[in-house]
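Chains, contacts and geometry: an overview
Below, each chain spelled out in residue letters.
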Amino acid sequence: MFMYNGYSSYDDEIQRHSICNSPLSCNIPSIVAEKIAAPYLTHIYELIISNRPFSITTDKDFKWTLEIFAFGFTCEESSIYQLCANVYVEWLKVFENLSANSNSIPPILREKTEFYWSQMFWHLYHLFVIHDEKTADLLTKRMYTHKVLRQLQIMISQTELSVDLWHILLQVFLAIGDTVLSPSYRTNEECTAVMSHRLVPSIYQVFMAAIDKIRIPPGLWRTFRDYTQTWRHRPAVVYDWAQLTCVLTSTVVHKLWWSDFIPLQYVCTETDQGEYTQKVIDSLSLDKLVITWIQFLTILQNPSECGDVSVFLQMPTYSSQLQMNANFKLKDFTSLQELPRIFVNVTKAIGMFVDIWLGKDVDPSCLYSPKPSNNSIAIMNENTPSTPNNIQTPRQSIHSLRGVPSSVQQHQQTSIPPTLRTTRSQIDNRKIPLPTNQNLSPMTPLLIATNRSEKPSLKTIHINHPTVNSLMHLYGSWILDCCLLQIKDRHSRSSLLDTSRANETEKVIDVQNERLMDEAFAKSFATICTIFGNAQCDEFIYPEYLSRFYYILQQGLRFYHGDEQRSQTIIESILLNSGDLFRINLRGINILIPLFLDAIEYYLHIDLQSYINYNLGIVKGPLNTSNSTIRDRFIRIRSKSIHILMSIISLPFHYQHLEQHLFEDYLEKSHDVQTTTIKTFLEYRLRIFPLLFSALQTEIDITNTQLLFGTIRLACSLAAHFDRQQEQNEDNVKKDPTAGYVSHAVIQICEKGTNDSQLFLAALDTLISIVTDPICQLPIDTWKNVLKRLCTFIDTQLHRSPKDHTREMHSTCVATYNTLVTLLIERPMLLDDYENLYKLCEIIELGISGEKAQSADRLVCKKDKEFHPASQRVAEAAEYLMFVLFEHKAVLHLKNDICRNWLDESTFANTTFKYFAINGNTLFAMTELPITDNHGMPTILLLCRGLFGKNIWTLNFRHNPLSTSLLPQNKSNERIEYENGKSSSPPANNTPIDHRDRSFLSHGTKTERAKSELSIPTLNSIIKRDEEKLTLFRSLKTKQISIEEQANQRAHLSNEKPQPECKPPECQTHFQSIRLFLSHYGFGSLDAMYHLMRGKHWNDTKLFDRLQPRIHLLNSDSETFIDDIKKLDQISPILHCTGQIYYLKKNQSTLDSSFSNMKIPEELNPAFLTMFSQFGSVVEVKRHCGWTGNVETSWKTTAKAQSIDTNAISKTLVDIDGKDSILYWVDLTTEMAFYLPHQFSGDNQGSEMRILIVWLEEFRDDLDSILPAQEQSGKPRDISIIGIHPLRNHLFRISLNSNAQRMQSACASIPLLDGMVIPLHLLSHYLRQAVYNLSRRKRLEDSQSSQTAYSLRKSRITKIIEKYQNQIHHPDEFFQNIFFLSTTKSESDTQSTIHGNSIPVVQL
């Protein structure tokens, strides 16, 4: 700070005026002078009280009067300086306009106010001088100095002084400050110590008032700065400097940067001029405000020196006393013992300055009060070490893992990490006594203080905050000095000379103050990490700053044995403020990975109780730290540690074999760098994976556990992708030791959330994300274990007492059923295990009926079971699982299934359908096809609309099995080959098929079997188990055959009359196919007709009624019938999601400005185009039958979609706008639509969550700020935003808005988490899964307050049945209504019907 170089100081002038030259002081003995002055001063004071006029009218007389006052202020007789102070306080009113009528002011003083007060101001200086050799009433002196200061400030605020008088007044205040504040003090009760609390804010406020009135010369500012350098051992100097500078800084930020930023208000409890000072600050112009801010910011020169005792020992006030008196000890100076508290305030003040510039909220009350407290702290025994030897640090056993696979335990390190190794010291643990005569203010223990100062602050909503370079220009040297001071302090303690003075230097700071120093160092590291952690991702930072920052972190992350508490405090402070360092493009930051892993390893391995015991053991002295405070801090440290792992977990797989030199090799080894230890990035995965698994075992916080879920999910994909690359590139691939961790982590995820419903939802999302990953293929035994645990969880939950059944608990059960559905679809091999099938059937029965048929207590028959499900939602979820279980094919024809779902009556031209309601929850639409389509046998077309969707079947009647040409294998052989693993699917039919059957066979299920069917044992498998019995049966059969042949021969010989040949009758050509179907399935039985025509209600309590099929004939002739059927088809039974994709360039602040970016794809990031192309396939909205992202254009029928004749053309990014085309992705449980909207329109997705995927060229902290103004100002909507920011290393940082995170309840965005860094090859898949999980969670939450799709379909079907049910009074009426097709039509009519009823092949 050289801003005052070249300007002369006013120190000589101040020292000259501070000497009293009164004749009474120099020429007359003090006793005589007091006798002369006292009567005269009493007379003047009586004139003032009685308001009588003064007789003094000449300059000579008044000058003699001033000489008496000059002596009176220097006199230590309290009665004399009281009279002087009272008179001057009254005469100060001469500057007021209302004093013209007062006789208490001499006329000569009115005439020459400026002339005389230029001398009288210096008289006031002597009132503040304390003479050690005289015993004055110090309490009285403090009272009158306060009175004078108050009147001076009132006069200053209400009066317009001349420039010269201002200069004199400022010099007087500096002289007073130098006299009172510069000397050292040995107790807090000394007069100067007490006076400093009132004097310091007065000096700052007087200078602020002068700034508003005049231009203070630079020489005076230099004098002020030079003096304050000797005042820094006064707590009030730093405290009031921090308060005032924070206000100035916030006001500068408000006027210069952000007009919406609320500046701090200046508040001073020591004076009554705080409001006036605030008005002065507000009234300053921007230029003057910035200059004033700089002047006050630098007034202490380098405030970091407040933590260095050696700097103060070089000051004359200390060095002279130590040289003159050898008996003086440094611990006798209270002013030196106050330095740690002052140093803490310095570091906190710098941290607040930085936070203000970053737009964060600050709390000036976090500063320690400059006033000492009356509470005494406990006196420690001198023999008590600061760190107890009987407390065993948990770091010795941090590598022990529970449940780690033996195949990977060999990779665990058993020694303490390199950066935690012992730094040998030349001295033992310090033994520092607490002075017995010292009363310090009660300092909050370190854990509490740092907890208060490091509480998470709100994210800044400003995008134009200062750069790292600018903040380092302002505060960098101070912060670096503060951080490096701990190195100097540690080295000085390790190399102390064996001298008495050196020993005293070691003991000058007691244990309590040492903890304050720890807090100050921790705050310094936190501030510098905050500065670099808020760097923009594309920001240029000077290499000099980066290198110093990395060196600082290298020193701070080291663990020093013998100084455990300070090392731990600094490491924790670094971790708490370094969560973003590895995801903001800092050049060379990866060199710190080993250091951070060493630090993180301790906090992720240790459990909470061990951490609490360790901290309670090392903190000595008065301990007010509660377990909850330590617990909260420990949880936040683990959270930041997990965030760091989340940022670096992709690096080993991204850089792989890239070599890296260790940081410490550069700093600590003297040999050539070429011989240093070299590691590759890929080796770090052997440390990160065990860390994640161990952290999951010891984690107790819900939010942190969810972060671990997402990080482990990412680790699974990275490891699986790496294994696949290794298999493709190498022939003999060794098994990756991380594979064992992944399988164990999946099991641990299942167990982790069983005690918390919200956490269990996050665990289920993680399992779904892993099982649906095509790359991450875990052993089938792992998924069997998962299935078993999920079934056990449902069983346990539904068997809890009724008082424990809540909507939240039922939601977890529903989510678990849905997870089992996904698990069965993705891993159909699970159904090959009979035990799995049995467990699934048990929980299905439990969910639907509320009770299992077989339990440990009893066996309940179906006929005796009462249906009492836990809730309707649970029953629906169990029914859905049953539906999937019995419909899931061994071979999935997904595209054909989806096509068939969007066929309806309009697809089949010239066809009449009959409608039936089955069992009150299913609608059948049936029509008869010509017999020529089935070799003369009856055939029907069936449209089945149920609770879980719509299916279309072609049912062919056969008297015998299909011919060999059509079906070469029987069902048993097909199942046997599947079980023996000869074929993954039933063999294809190579025999030519008649063209007329091809349209049906393309959608048929003749050669497909459900997985549940394949689990039924075949005859051959049973025979193999009973081979002996089979051999006996064969011998008996052989004997029986011979006996029967002999009997036939005898019968033939006894009756030789020829018997007529039996011939089969002619095939019928007249069928009622619908009647046959209903009869075969029991819907046309006489009992059903009896109940139907008499209108009796079904009684479920009777076994006979429960087993009877229920059927109703529906009247389809109504005009509104087809419309109601279409409304039913509009209710999609599966989850439909939408992702709106935006591209936000630099300098684009809202989404409204991004719509034109897609017109020029060449200007977009190529990675964005790659990501976008992997979301799905391009389909045209007007030809698409599924979900389009818009309720109005979705779920068209196939006939309507194919009626639009549009030539297939290539689509550009502009065309994929949700109106012309979309990207479509579908599986058995979800269909998704992605598009690039051209405008931010209203919600057209129904009740589904609105999800925005935003590509950010420039990273944004607050994603909600990019929404259009009307969305931000209006009522908050259910909008989730996923931000993607490309990093320079070609990885991608994920950011989520608060609605997408929802970490307080359960994270719904897994596998994506806020702050995650992932590679490009996983990006699109993870985004799809995040969109799916967000939408699924929204539907699960809505199911608690609204109906599910299952309930909506059921309600719609019930209304259709009630509205269109035909009342039947006789069985003949029912059968007459279904006998509506004639099979005796002409051949021409038959051919036309065939053409009209053929099922088209739909192309998606």
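This section reports on the structure supplied with the text. Note that the structure is predicted; figures quoted are calculated from it, not measured.

Next up on the list: the packing of helix α34 (residues 757–771) against helix α36 (residues 807–826). At a minimum axis distance of 10 Å, the contact between α34 and α36 shows a crossing angle of 10 degrees. With respect to their mutual orientation, α34 and α36 come out roughly parallel. Note on element contacts: α36 touches α34 through E808, S811, T812, A815, T816, T819, T822, L823 and E826, opposite S757, Q758, F760, L761, L764, I768 and V771. Here the contact of α34 with α36 is built from residues that sort into seven nonpolar, seven polar and two charged.

Counted at 1.5 Å a residue, the expected span for helix α35 (residues 780–798) with its 19 residues is 27 Å, and the 27 Å between its end C-alpha atoms agrees. Regarding α35, the residues found buried are T782, W783, V786, L787, L790, C791, F793, I794, Q797 and L798.

Formed by 353 residues in total, the largest nonpolar core has its most connected members in W91, W117, F121, Y475, F532 and F596. Ignoring sequence-local partners within four residues, the contact set of F596 consists of L553, L557, I574, L575, S578, L581, F582 and I644. Grouped together as the second largest cluster of nonpolar side chains are 17 residues, F916, M926, F1083 and L1113 included.

What follows covers a nonpolar patch on the surface. Taken together, the side chains of L256, W257 and L286 make up a nonpolar region of the molecular surface, amounting to roughly 250 Å² of accessible area. Tracing the backbone through its elements, the reader meets L286 in helix α14 (residues 286–297). The exposure class of L286 is partly exposed, given its relative accessible area of 33%.

On to the side chain of H123. On the secondary structure map, H123 appears in helix α7 (residues 113–127). Once you skip the residues sitting within four places of it in the chain, H123 turns out to touch L66, A70, F73 and Y88.

Most of strand β4 (residues 922–929) is tucked away: eight of the eight residues are buried. Here β4 shows a buried face lined by T922, F924, M926 and E928 and a second buried face lined by L923, A925, T927 and L929. The turn linking strand β3 (residues 914–918) back onto β4 is made up of three residues, and N919 within it adopts a positive phi angle of 55 degrees. For β4 and strand β5 (residues 939–946), the ladder comprises seven bridges, and the chain directions are antiparallel. Paired with E928 across the strands is I940, a residue of β5.

On the basis of which strands lie adjacent, the open sheet formed by five strands has the order β6-β5-β4-β3-β7 and antiparallel pairing. In this open sheet, the two strands that pair with only one neighbour each are β6 (949–956) and β7 (1111–1114). The average undirected angle you get between the axes of adjacent strands in this sheet is 25 degrees. The pairing of β3 with β7 spans four bridges and is classified as antiparallel. Counterpart to I918 in the pairing with β7 is I1111. Relative to the sheet, helix α48 (residues 1121–1129) contacts β3, β4, β5, β6 and β7, its axis offset from that of β5 by approximately 65 degrees. On top of the sheet, helix α54 (residues 1349–1364) reaches β3, β4, β5, β6 and β7; it is set at about 65 degrees to β7, its chief contact.

Rules used in this analysis
- Going along each chain's sequence as written, the residues are numbered from 1 onward.
- Given that this is a predicted model, residues contribute local features only at a pLDDT of at least 70 and side-chain atom pairs are listed and counted only at 80 or more, while totals for whole chains, interfaces and linings are drawn from all residues.
- Side-chain calculation: all heavy atoms of the structure are included, whereas hydrogens and water are not.
- Working convention: axes come from line fits to C-alpha atoms, limited for helices to the stretch in contact. Angles between N-to-C directions cover 0 to 180 degrees.
- The helix count covers DSSP runs of H or I at least four residues long, the strand count covers runs of E at least two residues long, and both are numbered beginning at the N terminus.
- Put simply, angles under 35 degrees are roughly parallel, angles over 145 are roughly antiparallel, angles from 65 to 115 are roughly perpendicular, and the rest are oblique.
- In this analysis, two residues are considered to be in contact whenever any of their non-hydrogen atoms come within 4.5 Å of each other.
- Polarity classes work like this: nonpolar for Ala, Val, Leu, Ile, Met, Phe, Trp, Tyr, Cys and Pro, charged for Asp, Glu, Lys and Arg, and polar for all others, with Gly in that last group.
- The span you would expect from a helix comes to 1.5 Å times its residue count less one.
- Each residue is assigned to one of three classes by its accessible area relative to the maximum for its type, calculated with a 1.4 Å probe on protein chains only: buried under 20%, partly exposed between the two thresholds, exposed over 50%.
- The definition of a nonpolar core used throughout is a set of buried Ala, Val, Leu, Ile, Met, Phe, Trp, Tyr and Cys residues joined through side-chain atoms within 4.5 Å.
- A residue counts toward a patch only above 30% relative accessible area and without a salt bridge, and it is joined to like-charged neighbours within 9 Å or, for Val, Leu, Ile, Met, Phe, Trp and Tyr, to nonpolar neighbours within 5 Å.
- Residue burial considers only the protein chains on display, and all accessible areas are found by Shrake-Rupley using a 1.4 Å probe.
- Each reported salt bridge corresponds to a side-chain nitrogen of Lys or Arg within 4 Å of a carboxyl oxygen of Asp or Glu.
- If DSSP finds at least two bridges between two strands, the strands pair.

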